[in-house]
Amino acid sequence: MYLLLLTVAAALAHPQTKVDENAILLEIFGTPPPQQGPTTLGLEDYTVRSTDATSTFTDGAGESCQCVPYYLCDDQLNGVDANNASVTGWGSLDIRFGKDDCQESVERCCKVPRTGPAPTPPPTQAPPAGCGHRNRKGIDFNVIGGSGAEAQFGEFPWVVALMGPNGYIGVGSLIHPQVVITAAHVVAGQAPGTLRIRAGEWDTQTAKERLPHQERDVAEVYIHSDFQSKNLKNDMALLRLTQPVELAEHIGLLCLPEQGESFDSSRECVANGWGKDVFGQKGRYAVILKKVELPMVPHGICNQLLQRTRLGHRFRLHQSFVCAGGQEGQDTCKGDGGAPLACPIGNDRYKLTGLVAWGIGCGARDVPAVYAAAAIFRRWVDDKMAAWGFDTTTYSA
């Protein structure tokens, strides 16, 4: 799965005797990220912003078509009523790529591209009030032809990309138009003036979606006072933005859990990000936002499973963590620390349950991934929001 998990130091509170703890940390979790930015290509590094250039292909019948954004595609090709131009370009969007295909996910090859202003989209309901609303079918189009792990455009409106001075550094979640929650290890050591967030991002290699992303600078980084960088205990941070984002169909807020709320029995929690498909140097970062559904793993069971790994029987999982996953081939993976793990609360609404923290490889059977436990920090969030003068009801279900 193309997803997320920053490979950094884990909670080795009780290391084995006569073992070099630093060597184990490096071996299992990789080198901690440098303070000056990532050493591998991330979202900002490989983002290709769109130009006016177009590609033309010729099909087997000798007819040519031109690659244009999906909402400028001709009526006939899209299989809609030619007399109803208002629905031009909306429908299924095949994101497979080949030598005879358009090379951007949001383009279609059309015989008669539409000129002038973009057509009016089909009627849609106004974004629902409140937090945690998932657009399960996406916005404008339905993605087909991918790996099955791709999120629909606008499906998870709370997910934001984080950029540092040298590019992409991780993922966060909007909980207020002017506040993002993320993991402390992602932003520790970063100066506020060098950080930006990007809301409404989906495909990192295009800007041709009808609904554009929004970028905001970070004015303040607030890290939990008990955060421990060497073992990631209390791995929580809030980012105050210089200006609020404008909530839209594809940009929304995520609910927070109540203090101490348990999600041990939740089975269809969802994690998102642009992380790697496999662990290690050969893994590739995703271009389109990915999603994976994971069951929660109770704390005690997770601790027992992790003790069976190279962490050893002396390992103790700190109470500031929760776990999810453990199915072969379905996991979060390297590349997107701080990304949300959200669990359903009914009617396609979700609460933040954890933030991507650490793990041992990706997708191994009976090896859950470990997340910072959001429910432990609800009061901490409320207190800081009040100090900033912000409404705390924006993330209340």
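Residues numbered from 1 in each chain as written. Predicted model: local features only at pLDDT ≥ 70, side-chain atom pairs only at ≥ 80, totals over all residues. Heavy atoms only, no water.

Undergrad: Sorry, what's going on with the sheet that holds strand E12 (residues 269-273) here?
TA: Sheets are built from strands paired through backbone hydrogen bonds, the pairs being either parallel or antiparallel. Pairing in this open sheet of seven strands is antiparallel, and the strands run E13-E12-E16-E17-E18-E15-E14 from one edge to the other. Taken across any chain shown, the strands that pair with only one partner, and hence form the sheet edges, are strand E13 (290-294) and strand E14 (296-297). Examined bridge by bridge, E12 and E13 share five bridges and lie antiparallel to one another. Pairing of Gly-273 across the sheet is with Lys-290, part of E13. (Pairing = 2+ DSSP bridges. Helix = DSSP H or I, 4+ residues; strand = E, 2+ residues; numbered from the N terminus.)

Undergrad: Even after reading the chapter, I still don't get the pairing of strand E16 (residues 340-346), so can you show me in this structure?
TA: The two faces of the sheet receive side chains in turn, since in a regular strand these alternate between them. Examined bridge by bridge, E12 and E16 share two bridges and lie antiparallel to one another. The partner of Val-270 across the bridge, within E16, is Ala-342. Between E16 and strand E17 (residues 349-358), which pair antiparallel in sequence order, lie two residues; one of them, Asn-347, sits at a positive phi of approximately 55 degrees.

Undergrad: Would you take a moment to explain helix H5 (residues 378-388) for this structure?
TA: An α-helical turn contains 3.6 residues, so a residue and the one three or four places further along point in the same direction. Inspection of H5 places Arg-378, Trp-380, Val-381, Lys-384, Met-385 and Trp-388 among the buried residues, and these make up the whole buried set. The buried residues of H5 occupy an angular sector of 160 degrees when the element is viewed end-on, so they sit on one face. Turned more than 90 degrees from where H5 packs its buried face, Arg-379, Asp-383, Ala-386 and Ala-387 sit exposed. Buried residues in H5 make contact with strand E7 (167-176), strand E8 (179-182), strand E10 (214-223) and strand E11 (237-241). Directly beyond the C-terminal end of H5, a positive phi value near 80 degrees is found at Gly-389. (Buried < 20%, exposed > 50% of the residue type's maximum accessible area, 1.4 Å probe, protein only. Arc of directions from axis to C-beta. Contact = heavy atoms within 4.5 Å.)

Undergrad: Honestly, the sheet that holds strand E6 (residues 159-164) in this entry has me stumped. Any pointers?
TA: Around the barrel, six strands lie side by side as E6-E7-E8-E11-E10-E9; this closed barrel has antiparallel pairing. Sheet twist, expressed as the mean angle between neighbouring strand axes with direction ignored, is 40 degrees. Here strand E9 (residues 196-199) runs beside E10; their pairing, made up of four bridges, is antiparallel. Bridging from a neighbouring strand, Arg-198 pairs with Glu-215 of E10. Its contacts with the sheet put H5 on E7, E8, E10 and E11, and the angle it makes with E11 is roughly 25 degrees. (Axes fitted to C-alpha atoms, helices over the stretch in contact; angles between N-to-C directions.)

Undergrad: Quick question: what am I supposed to make of the environment of Ala-248 here?
TA: Note on placement: Ala-248 falls in the loop between E11 and E12. For Ala-248, a relative accessible area of 26% puts it in the partly exposed group. Measuring from C-alpha to C-alpha, the distance between Ala-248 and Gly-154 comes to 9.6 Å, with 94 residues separating the pair along the chain.

Undergrad: Can you help me understand the state of the cysteines in this one?
TA: Two cysteines form a disulfide when their sulfur atoms are joined by a covalent bond. Under the definition given, this model contains three disulfides. Across the disulfide, Cys-131 is cross-linked to Cys-255 (sulfur-sulfur distance 2.0 Å). Residues Cys-131 and Cys-255 are joined by a disulfide whose S-S torsion is about 100 degrees; by sign, that bridge is right-handed. Linking Cys-131 in the loop between strand E4 (107-110) and strand E5 (141-144) with Cys-255 in the loop between E11 and E12, this pair joins segments that are 124 residues apart in sequence. Here Cys-131 matches Cys-255 in class, with each residue buried. Here Cys-269 engages in a disulfide with Cys-343; their sulfurs sit 2.0 Å apart. For the disulfide bridge between Cys-269 and Cys-343, the dihedral angle about the S-S bond is near 95 degrees, and by the sign convention the bridge is right-handed. With Cys-269 in strand E12 and Cys-343 in strand E16, the pair connects residues that are 74 residues apart, well separated along the chain. Among the residues examined, Cys-269 registers a relative accessible area of 0% and is labelled buried. (Disulfide = S-S within 2.5 Å.)

Undergrad: Help me out: how do you make sense of helix H4 (residues 299-307) in this one?
TA: Considered for burial, the residues of H4 that qualify are Cys-302, Asn-303, Leu-305 and Leu-306. Angularly, the buried residues of H4 cover 165 degrees about the axis, an arc narrow enough to put them on a single face. Against the buried residues of H4 lie E14, strand E15 (321-324), E17 and strand E18 (369-373).

Undergrad: Whenever I open this one, the packing of aromatic side chains confuses me. Can you help?
TA: Under the counting rule described, the total for this entry stands at nine aromatic pairs. Each ring, one from Tyr-222 and one from Trp-380, has its centre 5.2 Å from the other, and the planes form 15 degrees; the classification is stacked. With a gap of 158 residues between them, Tyr-222 in strand E10 and Trp-380 in helix H5 connect regions that are remote in the sequence. Here the aromatic rings of Phe-321 and Trp-358 are separated by 6.1 Å at their centres, their planes lie at 90 degrees, and the arrangement is edge-to-face. You can see Phe-321 sitting in strand E15 and its partner Trp-358 sitting in strand E17, a full 37 residues away along the chain. The two residues Phe-321 and Trp-358 agree in class, both being buried. (Phe/Tyr/Trp six-rings, centres within 6.5 Å; stacked < 30°, edge-to-face > 60°.)

Undergrad: I'm lost on the environment of Gln-190 in this one. Help?
TA: By the element assignment, Gln-190 lies in the loop between helix H3 (184-187) and E9. A C-alpha to C-alpha distance of 8.3 Å links Gln-190 and Val-221, two positions 31 residues apart in sequence.

Spatial relationships are all this shows, so hold off on functional conclusions.
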